[in-house]
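# Secondary and tertiary structure notes
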Amino acid sequence: EAQVTQNPRYLITVTGKKLTVTCSQNMNHEYMSWYRQDPGLGLRQIYYSMNVEVTDKGDVPEGYKVSRKEKRNFPLILESPSPNQTSLYFCASSWEGQGGYEQYFGPGTRLTVT
Amino acid sequence: GENVEQHPSTLSVQEGDSAVIKCTYSDSASNYFPWYKQELGKRPQLIIDIRSNVGEKKDQRIAVTLNKTAKHFSLHITETQPEDSAVYFCAAHNQAGTALIFGKGTTLSVSS
């Protein structure tokens, strides 16, 4: 089954404790992206990757890191989480960035930082 | 960069009525405009999309129209049903192909 998976689905952590949210897709998509969703603000892009070893900042990259060592995986790293990073996070993938293709979203990770 | 405005933020209709959600975009080079539906507690899912070389697209009860000159596009849902209740997001693809820029969403409530 074609899908995007994320882990964990729920996470409660404390300020400053490094964490990683994993994202994996099995559709051989070149493009992957991370979004955060906050009430009233919609979906905002954090980082994206056009292909392996090619990543760049989105609209709200502060406090986040990513890597793309393999085509299928695109982990999101919070080196020192803060309460303002409490949010719902979605990973998404598509065939490529240019041209416009359907983005497939993962199930979401609800993160709470206390 | 691209900016997408979406209205209204909330919309309540009676079952069987039509619903219209409107979006405007700022980047005249944008060429791809998808609409996503997000049910409560679920992930966003594509329901319809339109490219800049087309003015209208229809899929059963949903349709999207695009006015490139005015830089706005709209989602039309006819004969609404309670299962249409969800948050709907419009988006515009930037010219560089690096991002979908989303509107802030419209919460549609269909009452029976």
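The coordinates are above.
None of the values given here were measured: they were computed from a predicted structure.

### Overview of the overall build of chain A
For chain A, the count of helices and strands is 0 helices and 11 strands. Reading the secondary structure of chain A in the N-to-C direction produces β-β-β-β-β-β-β-β-β-β-β. Computed over the C-alpha atoms, the radius of gyration of chain A is 13 Å, within 12% of the 13 Å expected from 2.2 N^0.38 for a compact globule of 114 residues. Considered along the principal axes of its C-alpha atoms, chain A spans approximately 40 × 30 × 25 Å. The proportion of buried residues among the 114 residues of chain A is 50%. Intrachain contacts of chain A at a sequence separation of at least 6 include 54% that bridge at least 24 residues. When the accessible surface of chain A is summed, it comes to about 5,400 Å², and 49% of that surface belongs to carbon and sulfur atoms.

### Here we look at the nonpolar core
Counting 25 residues, the largest nonpolar core has Trp35, Phe73 and Leu108 of chain B as the members making the most contacts within it. At the level of elements, strand 2 (10-14), strand 3 (19-25), strand 4 (32-38), strand 5 (45-51), strand 7 (62-67), strand 8 (72-77), strand 9 (86-93) and strand 11 (106-111) of chain B are the ones that each hand at least two residues to this core. Among the nonpolar cores identified, the runner-up in size contains 19 residues, and Val21, Met32, Tyr64 and Cys91 of chain A belong to it.

### Describing the packing of aromatic side chains
Here the structure, examined in full by the defined rule, presents 13 aromatic pairs over all chains. For the ring pair Phe90 of chain A and Phe105 of chain A, a centre distance of 6.1 Å and an interplane angle of 85° mean the geometry is edge-to-face. Here Phe105 of chain A lies in strand 10 (residues 104-105) and Phe90 of chain A lies in strand 9 (residues 87-94), a separation of 15 residues in the sequence. Looking at Phe90 of chain A, the relative accessible area reads 0%, which means it is buried. Among the aromatic side chains, those forming a connected cluster through ring pairs are Tyr35, Phe90 and Phe105 of chain A together with Tyr36, Phe89 and Phe102 of chain B.

### Some details on the sheet that holds strand 1 (residues 4-7) of chain B
Residues and elements named next belong to chain B. Across the sheet, 5 strands lie side by side as 1-3-8-7-6; this open sheet has antiparallel pairing. Both outer strands of the open sheet, strand 1 and strand 6 (56-59), are each paired with one neighbouring strand and no more. On average, adjacent strands in this sheet sit at an angle of 15° to one another, irrespective of strand direction. Across 6 bridges, strand 7 lies against strand 8 in antiparallel orientation. Paired with Leu66 across the bridge in strand 8 is Phe73.

### What about the pairing of strand 8 of chain B?
Residue and element names in this part refer to chain B. Pairing of strand 3 with strand 8, which is carried by 6 bridges, proceeds in the antiparallel orientation. When the sheet's bridge partners are listed, Lys22 is paired in strand 8 with Ser74. Connecting the antiparallel pair strand 7 and strand 8 is a turn made up of 4 residues, with Lys71 showing a positive phi of about 55°.

### Digging into the state of the cysteines
In a disulfide, the sulfur atoms of two cysteines are held together by a covalent bond. One pass over the structure, following the stated rule, counts 2 disulfides over all chains. Across a sulfur-sulfur distance of 1.8 Å, Cys23 of chain A and Cys91 of chain A are joined as a disulfide pair. Disulfide Cys23 of chain A-Cys91 of chain A: torsion about the S-S bond near -70°, hence left-handed. Taken together, the positions of Cys23 of chain A in strand 3 (residues 19-25) and Cys91 of chain A in strand 9 put the pair 68 residues apart, joining distant regions of the chain. Overall, the relative accessible area of 2% leaves Cys23 of chain A in the buried class. Taking the relative accessible area as the measure of exposure, Cys91 of chain A reaches 0% and is therefore buried. Put simply, Cys23 of chain B and Cys90 of chain B are joined by a disulfide, and their sulfur atoms are 2.0 Å apart. Linking Cys23 of chain B and Cys90 of chain B, the disulfide has an S-S dihedral of approximately -100° and is accordingly described as left-handed.

### Some remarks on the interface of chain A and chain B
Taken together, the contacts link 23 residues of chain A with 19 residues of chain B. Between chain A and chain B the total buried area reaches about 1,700 Å² when both faces are included, carbon and sulfur atoms providing 52% of it. Summed over the three residues of chain A that lose the most area to chain B, namely Leu43, Glu102 and Phe105 of chain A, the buried surface amounts to 27% of that side. At the junction of chain A and chain B, the tally comes to 0 salt bridges. Applying the counting rule to chain A against chain B returns 5 residue pairs in polar contact (both at pLDDT 80 or more). Elements that contribute at least two residues to the side of chain A that touches chain B include exactly strand 4 (31-38) and strand 5 (42-51) of chain A.

Quick notes on the rules
- Residues numbered from 1 in each chain as written.
- Chains lettered and ligands numbered in written order.
- Predicted model: local features only at pLDDT ≥ 70, side-chain atom pairs only at ≥ 80, totals over all residues.
- Heavy atoms only, no water.
- Helix = DSSP H or I, 4+ residues; strand = E, 2+ residues; numbered from the N terminus.
- Rg over C-alpha atoms; globule rule 2.2 N^0.38 Å.
- Buried < 20%, exposed > 50% of the residue type's maximum accessible area, 1.4 Å probe, protein only.
- Contact = heavy atoms within 4.5 Å.
- Areas by Shrake-Rupley, 256 points an atom, 1.4 Å probe, with all protein chains shown as cover.
- Core = buried A, V, L, I, M, F, W, Y, C linked by side-chain atoms within 4.5 Å.
- Phe/Tyr/Trp six-rings, centres within 6.5 Å; stacked < 30°, edge-to-face > 60°.
- Pairing = 2+ DSSP bridges.
- Axes fitted to C-alpha atoms, helices over the stretch in contact; angles between N-to-C directions.
- Disulfide = S-S within 2.5 Å.
- Buried area = accessible area lost by both parts, 1.4 Å probe.
- Salt bridge = Lys/Arg side-chain N within 4 Å of Asp/Glu carboxyl O.
- Polar contact = N/O pair within 3.5 Å; in protein donor to acceptor, adjacent residues only side chain to side chain.

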